[in-house]
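# Geometric and topological summary
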Amino acid sequence: QPWLATGRASPRLVLGVVFVALLLDNILLTVVVPIVPTFLYTTEYEGANSSASSALPQPAPAAPRAPPFSSVLSYFDNSTVPVELPNGTGSSPPGLPPGTPQTPNPRNPEPRGCLEGGEFLAQENTRVGLLFASKALVQLLVNPWVGLLTNRIGYHIPMFIGFCIMFLSTLMFAFSGTYTLLFIARALQGVGSSFSSVAGLGLLASVYPDDSERGSAMGIALGGLALGVLIGAPFGSVMYEFVGKASPFLVLAFLALADGALQLCILQPSRISPESTKATPVSTLLRDPYILVAAGALCFSNMGVAMLEPTLPIWMLQTMCSPQWQLGMAFLPASISYLIGTNLFGILANRMGRWLCSMIGMAVVGISLLCVPLATSIYGLIGPNAGLGFAIGMVDSSMMPIMGYLVDLRHTSAYGTVYAIADVAFCMGFAIGPSTGGAIVRALGFPWLMVIVGVLNVAYAPLCWLLRSPPATEEKMAILSQECPMQPKSYSPKEAPREFPLTEESDREAENVE
C-alpha cells in the first residue's frame, strides 16, 4: 500500500509509535502504585484476622438483657460497629467472636478512615518496595543485551518483542491474586520495558540525525512517558475503588493490542536491519566520564520519585488517614508538571544549555523532596510534588539528547548501546530507590528518607557543569572536519594555525639579519 510505504519512511509516524509504546509502559508502571498496598492489606492482613476470628470457640448464647433500643442506637456509629448482613452474618473486630457488637469508647475515638495494623504497614513498606524494584532490577540486567541485539538486528524486531512481553505481563497483573504472582508479573514487565525503551529511543536517534530535531523528538517521546505516569496512578486508584482490581489492566491490555497492530503496520518487525557502522563497545562507553556524569544525573533525579512510589501511599495511610482514591491522586501534580517540563525543555534546553537545565533541575528535585514531609494533608503535597515532576522533566529532556550527542561527538554513531546505558541508569534509580526506601523508612522514618535523597540530588547537581562543552576525540574531529567543513570551528583546536605566521616571520627576520 502507498500509505504504508509513506508511513514507514516518515520519522513522525515512527515518533508516534515510540510515544505510544512509552505511554503504555509507564501507565502499567504507575497504575499498580495505589493498588498494591491496599490490595495486600485487604488480602493478607484482613484475611488473616478474619480467619483467626472465625477459628475462635463460639460462646454459648446468653439471654438478651440489653435495652430494647440499644442495638438500633449502636448502628448510628458506623465507624466502629459492623453492619449486620441480611442473612445474619457480619464482620466483627479482630479478636472477638463473629456477631459481637463493639461498643465505642468515647474517651479515645479513632480517626475515621485510618487503617489498623501499624506493624503490618511498617513491614509492608519493605515488601512493596521490593515488588516495585523487581521491574527495574530485571530491566537493569536485560538492557545491555538488548543494546547489543539492536546493533546486530536493528530496532524493529526488539520493539515488537517488547510489545508481546508487555501484553503478557498486563494480563498477569489482571488475574494475579498473591504477592508471588504480582512479583513475577512486575519482573516480566521489566523485560518487556527493556526491549521497548532501548529499541524505541535508539530508533528515534537514528531517524533524527540533527541534534536540535533529535532533542525536540526526545522531548515529545518523553512526553509519552510523562503522560503514562500522569494517567497511571489516578486511573488505577479510581478503577480499583469503583470497578475492581482487574479492570485497569484489562483496559491496558486492549490498548497494547492496538499498539501492536500499529507496530506491524509501521515498523516492519520482520525485517532485519543492522547498524551500518560498528557500534562502540559498552566497556568503552562506560569508561567515558561524560557519559557517566549524564547517566548519574538520570539515576539520582529519578531515584527521588522512585522512593516516593512505595512509601508515600503508606505514609499517607498512617498520618493523613487518606481514602483509597487519594493515594493515586497525590502523584497527579508531579505527573502534570513532568508532562509540561519535558515538552517545554525539549526545545528550550537546547537554547539555554542542556548542562545548565539539568543542573537547575537536580537542585529543584532536592529542594522539593525536602518539602514533602512538611505536608499535613493531600493539599500540602501539591507544591512539592509539582516541583519534583517539573524538575525531573528538565533533567530527562536534557540528558536523553546529550547521550546521543556524546556518542556522535566522541564515539561511533550507533545509538542502541548508549541508550541501553541511559535506561540502565534510569532503572538503577527505580531499583535502588524502592528497595532501600522501604528499609530506610522502617529504620529512620519517612522524613529522614526524604532528607537523604534530597541532599544527594543537591550535592550531585554541580557535576552537570562538566557537560558544558565536552571535547571530541581526535579521530572524531578528523571525521567531522571531512563530513562538515563548515562546523569544525566548535571542535578543532585554534592553536595549530597560529604556528604558520610565526614561522614566516622568523624566516623574514633571518633574511634581514643576513
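Residues numbered from 1 in each chain as written. Predicted model: local features only at pLDDT ≥ 70, side-chain atom pairs only at ≥ 80, totals over all residues. Heavy atoms only, no water.

### What about the side chain of Arg186?
Residue position: Arg186 is located in helix α7 (residues 179-207). The exposure class of Arg186 is buried, given its relative accessible area of 2%. Setting aside anything within four residues of it in sequence, one finds Arg186 in contact with Leu28, Leu29, Val32, Leu131, Phe132, Ser134, Lys135 and Phe173. (Helix = DSSP H or I, 4+ residues; strand = E, 2+ residues; numbered from the N terminus. Buried < 20%, exposed > 50% of the residue type's maximum accessible area, 1.4 Å probe, protein only. Contact = heavy atoms within 4.5 Å.)

### Brief notes about the confidence of the model for the protein
Averaged over every residue, the pLDDT of the protein is 74; residues scoring 70 or more account for 70%. Within the model, pLDDT remains below 50 along residues 51-96, and this stretch shows 30 contacts once partners closer than five positions in the same chain are excluded. Here residues 482-503 is a poorly scored stretch, pLDDT under 50, and it has 9 contacts once near neighbours within four places are set aside; other chains count. (pLDDT = per-residue confidence, 0-100.)

### A short note on a nonpolar patch on the surface
A contiguous nonpolar patch, built from Ile336, Ile340, Leu344, Leu348, Met352, Ile360 and Val364 and spanning about 510 Å² of accessible area, is present on the exposed surface. No other element matches the 5 residues that helix α13 (residues 332-352) contributes to the nonpolar patch. On the secondary structure map, Leu344 appears in helix α13. (Patch = residues over 30% accessible without salt bridge, like charges linked within 9 Å, V, L, I, M, F, W, Y side chains within 5 Å. Areas by Shrake-Rupley, 256 points an atom, 1.4 Å probe, with all protein chains shown as cover. Salt bridge = Lys/Arg side-chain N within 4 Å of Asp/Glu carboxyl O.)

### With respect to the packing of helix α2 (residues 11-31) against helix α9 (residues 246-266)
It is the contact of α2 with α9, at a shortest axis distance of 10 Å, that shows an interaxial angle of 160°. Taken as axis vectors, α2 and α9 run roughly antiparallel relative to one another. Regarding α2 and α9, the two cross each other, and that crossing is left-handed. Of α9, the residues touching α2 (which contributes Leu13, Val17, Val20, Ala21, Leu24, Ile27, Leu28 and Val31) are Pro248, Phe249, Leu252, Leu255, Ala256, Asp259, Leu262, Gln263 and Ile266. Classifying every residue of the contact of α2 with α9 by side-chain character gives 15 nonpolar, 1 polar and 1 charged. (Axes fitted to C-alpha atoms, helices over the stretch in contact; angles between N-to-C directions. Parallel < 35°, antiparallel > 145°, perpendicular 65-115°, else oblique. Left-handed = near helix turned anticlockwise from the far one by under 90°. Nonpolar A, V, L, I, M, F, W, Y, C, P; charged D, E, K, R; others polar.)

### A short note on the nonpolar core
Counting residues in each nonpolar core, the largest one holds 103 residues, and the members touching the most others are Leu308, Leu312, Met316, Met399, Met403 and Tyr419. A total of 16 residues in this core trace back to one element, the largest contributor, which is helix α11 (residues 289-319). When neighbours within four sequence positions are excluded, Met399 is seen to be in contact with Ala294, Ala297, Leu298, Ser358, Cys464 and Leu467. Grouped together as the second largest cluster of nonpolar side chains are 6 residues, Ile165, Phe195, Val198 and Ala420 included. (Core = buried A, V, L, I, M, F, W, Y, C linked by side-chain atoms within 4.5 Å.)

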